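Okay, here's what each chain looks like letter by letter:
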Amino acid sequence: PPSNVSVRANQTDPVEFVTVALQCIASGLDLQYRWLNGSSEVGTGPQTQLTNGSQTLIITTVQRDDRGPWFCSVSNPVGNTASLGYNLTVSYGPEQLSLTVHPLLPPSLLEGTYPAGSDLTLSCLAQSSPPALYRWAVNGTMTDHMGPELRLPRVQAPQSGNYTCWASNSRTGRTEAVSTELTVLELITSVTVLPAGGEVPMVGGNLTLQCQADAPVESRQWSRVNQPLPLNASLSKDNSTLSLALLSPSDTGDYECRATNPVSTGTGTYGLTFDRGDLSESLSGGAIAGIVIACFVVMAVLTAAVYYMVKKKGSN
């Protein structure tokens, strides 16, 4: 029977899509050759050719799934002998590169937006054989960091930018890249509402309230606690200020500014009051006259009541 049956390849570590030739080596006379991939017999097909009396199997575009094991079965009138399985190591990639950021964002946050102080981990993954080598770039500048993960502990706003993972395979000579944008926003921890320029509220005067926060603000909302904003109130285009024209005692109350960015919200309040002297001076001549008349009316009613009671008592 055939003896010394073995399989030899012209490339032991081929790159995907190249041509590989497998040769069956055997000793004996009147030899017949058959090829198997695992348990399936292989003949001439779209990617395979048999030459040299089927002693050579040519894989025209070898793929990662063609690793085998490949068997050569040799027979003659005396008997049949099969080789040991031969495995190809097919190099491929990198491809299907992905970049994820952990922890995952809650649904309420915009994609790629994170609160300052977060512990972020950027993970890069590629399909590659041998395994890809990973490097990282920030805003187009390559860093010294290597490996599939880039950790950013207690990330701060200045670290916002474009993060790129480069994956390379020295065996295939291929390189791929994938990027993501990170926006790091400071948390709003303090909101103050104060008169612009140190204005003092006075009846009949004007007042502008400024809403300021200790972090970037995307939107502001104004309200007056437990009552609507007065009709003489107006807002600036960006809602950063609220103006009150021709102040009156009815404008008193707590004015609240709610400042928001994608990662946080803060609230500040200003209590609008007038001093007693200002309120006294604000009464018009007509109002004073009305008060005097009201006093006289009350006195007249009281005098009449007393007179009636005394007269009634005397008649008894």
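Quick notes on the pairing of strand β14 (residues 149-152)
Burial along β14 is one-sided: Leu150 and Leu152 are buried, while Glu149 and Arg151, pointing the other way, are not. Looking at chain direction, strand β11 (residues 120-129) and β14 are connected through four bridges and run antiparallel. Its bridge partner lying in β14, threonine 121 is registered against arginine 151.

Observations concerning the state of the cysteines
With the rule as written, the count across this model stands at three disulfides. Disulfide partner of cysteine 24: cysteine 72, at an S-S distance of 1.8 Å. Given an S-S torsion of about -90°, the disulfide between cysteine 24 and cysteine 72 has left-handed geometry. Here cysteine 72 lies in strand β7 (residues 70-76) and cysteine 24 lies in strand β2 (residues 20-27), a separation of 48 residues in the sequence. Just as cysteine 24 is buried, cysteine 72 falls in that class too. Shown here is the disulfide that connects cysteine 211 with cysteine 257, its sulfur atoms set 2.0 Å apart. The disulfide joining cysteine 211 to cysteine 257 has a torsion of about -85° about its S-S bond and is therefore left-handed. Note that cysteine 211 is positioned in strand β18 (residues 207-213) and cysteine 257 in strand β22 (residues 253-261), a separation of 46 residues in sequence. Here the two residues cysteine 211 and cysteine 257 agree in accessibility, since each one is buried. Disulfide connectivity for the protein chain, with bonded cysteines indexed by sequence position, reads 1-2, 3-4, 5-6.

Quick word on the confidence of the model for the protein chain
Per-residue pLDDT for the protein chain averages 89, and the proportion of residues at 70 or more is 85%. The spread of mean pLDDT over the elements of the protein chain runs between helix α2 (residues 285-315), the lowest at 51, and strand β12 (residues 133-138), the highest at 98. Throughout residues 282-295 the model reports pLDDT below 50, and contacts reaching past four residues in sequence, or to other chains, amount to three contacts.

Here we look at the sheet that holds strand β4 (residues 40-42)
The four strands lie next to each other as β4-β3-β7-β8, forming an open sheet whose pairing is antiparallel. For this open sheet the edge positions go to β4 and β8 (79-82), each flanked by a neighbour on one side alone. When strand polarity is set aside, the average angle formed by the axes of neighbouring strands in this sheet is 30°.

Some remarks on the pattern of salt bridges
On inspection of all chains with the given rule, the structure shows six salt bridges. The partner of aspartate 65 in a salt bridge is arginine 67, and the shortest N-O contact between them spans 3.9 Å. Aspartate 65 sits in the exposed class, given a relative accessible area of 59%. Across the pair glutamate 149 and arginine 151 runs a salt bridge whose closest N-O atoms are separated by 3.0 Å.

Considering the sheet that holds strand β5 (residues 48-51)
Read across the open sheet, the four strands follow the order β1-β2-β6-β5; overall the sheet is antiparallel. Both edges of this open sheet fall to β1 (3-9) and β5, since each of them pairs with a single strand only. With direction set aside, neighbouring strand axes in the sheet form an average angle of 15°. When β1 meets β2, the two strands line up antiparallel, connected through five bridges. Bridged to serine 3 within β2 is serine 27.

Reading the values: the criteria
- Residues numbered from 1 in each chain as written.
- Predicted model: local features only at pLDDT ≥ 70, side-chain atom pairs only at ≥ 80, totals over all residues.
- Heavy atoms only, no water.
- Buried < 20%, exposed > 50% of the residue type's maximum accessible area, 1.4 Å probe, protein only.
- Helix = DSSP H or I, 4+ residues; strand = E, 2+ residues; numbered from the N terminus.
- Pairing = 2+ DSSP bridges.
- Disulfide = S-S within 2.5 Å.
- pLDDT = per-residue confidence, 0-100.
- Contact = heavy atoms within 4.5 Å.
- Axes fitted to C-alpha atoms, helices over the stretch in contact; angles between N-to-C directions.
- Salt bridge = Lys/Arg side-chain N within 4 Å of Asp/Glu carboxyl O.

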